[in-house]
Amino acid sequence: MAEVIDIDDPADPRVDDFRDLSAADRRPDLPGRKGLVIAEGVVVVQRMLDSRFTPSALLGTAKRYEALAEDLADRDIPYYRASAEVMAEVVGFHLNRGVLAVAPRPAALSVEEALAGARTVAVLEGVNDHENLGSMFRNAAGLGADAVLFGDRCADPLYRRAVRVSMGHVLRVPFAQLPQWPGGLESLRERGFQIIALTPNPAAVNLATAMTGERVALLLGAEGPGLTEEAMRATDVRARIPMSPGTDSLNVATAAAMAFYERVRSS
């Protein structure tokens, strides 16, 4: 059973791992500092508890403890119980969701581990917006994508905002860093993946007819610049999502969701 410890003093050192979440130079979720992973809200905390990210402590209100009591019944994790006012002083802002969990970062998955049993994967280049990244993982979980791989210049998927926007699915959908870019794409081809670059270029083939492989890797780039030409040259086919005239592109997370859905529909 989780040990419930009441916290009345915001300066209590036992809650230091939750402190100053809005301070850019002191955030505990920065890889260069404590490198902790932070789950925010009951649902996201539940998903952390059901993942490879093992919480070391929770900080929350009495009401949120009641909501999580069953999930914590067999966990030896301290639950620091505090008022909303004390929590706000600790974390640096008022937390509407009422509970946080912190976990150390486990060892990163290898590409081989992330791709175990995978049929559909997203491969990202230059996606450096945390909200887009979080939405991407949420879409992947909801529409059956099995893993996410990172090429160059992508944001940290374990940043607190990315975890929150993903509704905790970044903790459950496997992800890994490709060791070379874009040369590492060849390792996907060797594993039997058809590699498809998504582009708004009208000369590209329709995505609905492009996905012919048993295993598919969908490449997506940042909004605006999209995929680099070097990355697209390393793929098997360039595909587009048909759009209304006058529309030049979609939000990258939206484009990923449509591609994931098309993959499910055509399988």
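Counting restarts for each chain: residues are numbered from 1 in the order of the written sequence. Whole-chain, interface and lining totals are the exception, using all residues; otherwise, since this is a predicted model, local features are given only for residues with pLDDT of at least 70 and side-chain atom pairs are given and counted only at 80 or more. Hydrogens and waters are ignored; side-chain quantities use all the structure's heavy atoms.

Visitor: For the nonpolar core, give the residues involved together with the corresponding values.
Guide: Here, nonpolar core means buried Ala, Val, Leu, Ile, Met, Phe, Trp, Tyr and Cys residues that are tied together by side-chain atoms lying within 4.5 Å of each other. Each residue's exposure class comes from its accessible area (1.4 Å probe, protein chains only) as a fraction of the maximum for that residue type: buried when under 20%, exposed when over 50%, partly exposed otherwise. L58, L124, I196, L207, L218 and L220 are the most contacted members of the largest nonpolar core, which totals 51 residues. Those domain boundaries reflect an automatic or database domain assignment. Viewed by domain, this core spans two of them, domain 1 (4-104) and domain 2 (111-266), each represented by three or more residues. Between two residues, a contact is recorded if the distance between any of their heavy atoms is within 4.5 Å. Once residues lying within four places of it in the same chain are set aside, the contact partners of L124 are L133, M136, V148, L149, F150, G151, D152, C154 and L220.

Visitor: Explain the layout of surface pockets to me, using residue names and the numbers behind them.
Guide: Space inside the largest pocket adds up to approximately 380 Å³. Site definitions follow a grid-based scheme: protein atoms alone, a 1 Å grid, a 1.4 Å probe that fits but cannot get out for cavities, and for pockets an open set with protein on both sides within 12 Å along at least five of seven lines, plus lining residues having an atom within 4 Å of a point. L198, T199, P200, S249 and L250 are, among the 21 residues lining the largest pocket, the residues nearest its centre. Ten residues, namely Ala, Val, Leu, Ile, Met, Phe, Trp, Tyr, Cys and Pro, are considered nonpolar, four, namely Asp, Glu, Lys and Arg, are considered charged, and the remaining ones, Gly among them, are considered polar. When the residues that make up the lining of the largest pocket are grouped by side-chain class, the tally is 13 nonpolar, five polar and three charged. R105, A108, P157, L158 and F175 are, among the 19 residues lining the second largest pocket, the residues nearest its centre. Of the residues forming the lining of the second largest pocket, the biggest block, three residues, is contributed by strand β8 (residues 175-177). Grouping the amino acids of the lining of the second largest pocket by side-chain chemistry returns 12 nonpolar, two polar and five charged. Grid points are joined across faces, edges and corners, and a volume is the space filled by probe spheres set on the points. Secondary structure elements are defined from DSSP: runs of H or I of at least 4 residues count as helices, runs of E of at least 2 residues count as strands, and each element is numbered from the N terminus.

Visitor: Please set out the sheet that holds strand β5 (residues 99-104) residue by residue, giving values where relevant.
Guide: The strands making up a sheet associate through backbone hydrogen bonding, with each pair oriented either parallel or antiparallel. Only strands that DSSP links by at least two bridges are regarded as paired with each other. Taken in spatial order, the five strands of this open sheet run β1-β4-β3-β5-β2, and their pairing is mixed. Sheet topology places β1 (3-6) and β2 (36-40) at the edges, where each strand pairs with a single neighbour. With direction set aside, neighbouring strand axes in the sheet form an average angle of 20°. Across four bridges, the pairing between strand β3 (residues 57-60) and β5 is antiparallel. Its bridge partner being in β5, L59 is matched across the sheet by L100. Sheet strands in contact with helix α3 (residues 84-91) are β3 and β5, and its direction is about 125° off that of β3. Helix axes are fitted only over the stretch in contact, all axes being lines through C-alpha atoms; the angle between N-to-C directions runs from 0 to 180 degrees.

Visitor: Provide a residue-level description of the domain arrangement of the chain, including the pertinent values.
Guide: According to the domain assignment, the chain contains domain 1 (4-104) and domain 2 (111-266). Each of domain 1 and domain 2 has a C-alpha centre, and the two are 31 Å apart. Contacts between domain 1 and domain 2 engage 17 residues on the former and 11 residues on the latter. In total, about 1400 Å² of surface goes out of reach between domain 1 and domain 2, with carbon and sulfur atoms giving 59% of it. Think of a salt bridge as a Lys or Arg side-chain nitrogen and an Asp or Glu carboxyl oxygen that are within 4 Å of each other. Here domain 1 and domain 2 share two salt bridges between them. Between R172 and D50 there is a salt bridge, and its shortest N-O distance comes to 3.2 Å. Its residues assigned to classes, the side of domain 1 that touches domain 2 shows 10 nonpolar, one polar and six charged. We define buried area as the total accessible area lost by two parts upon association, computed with a 1.4 Å probe and summed across both.

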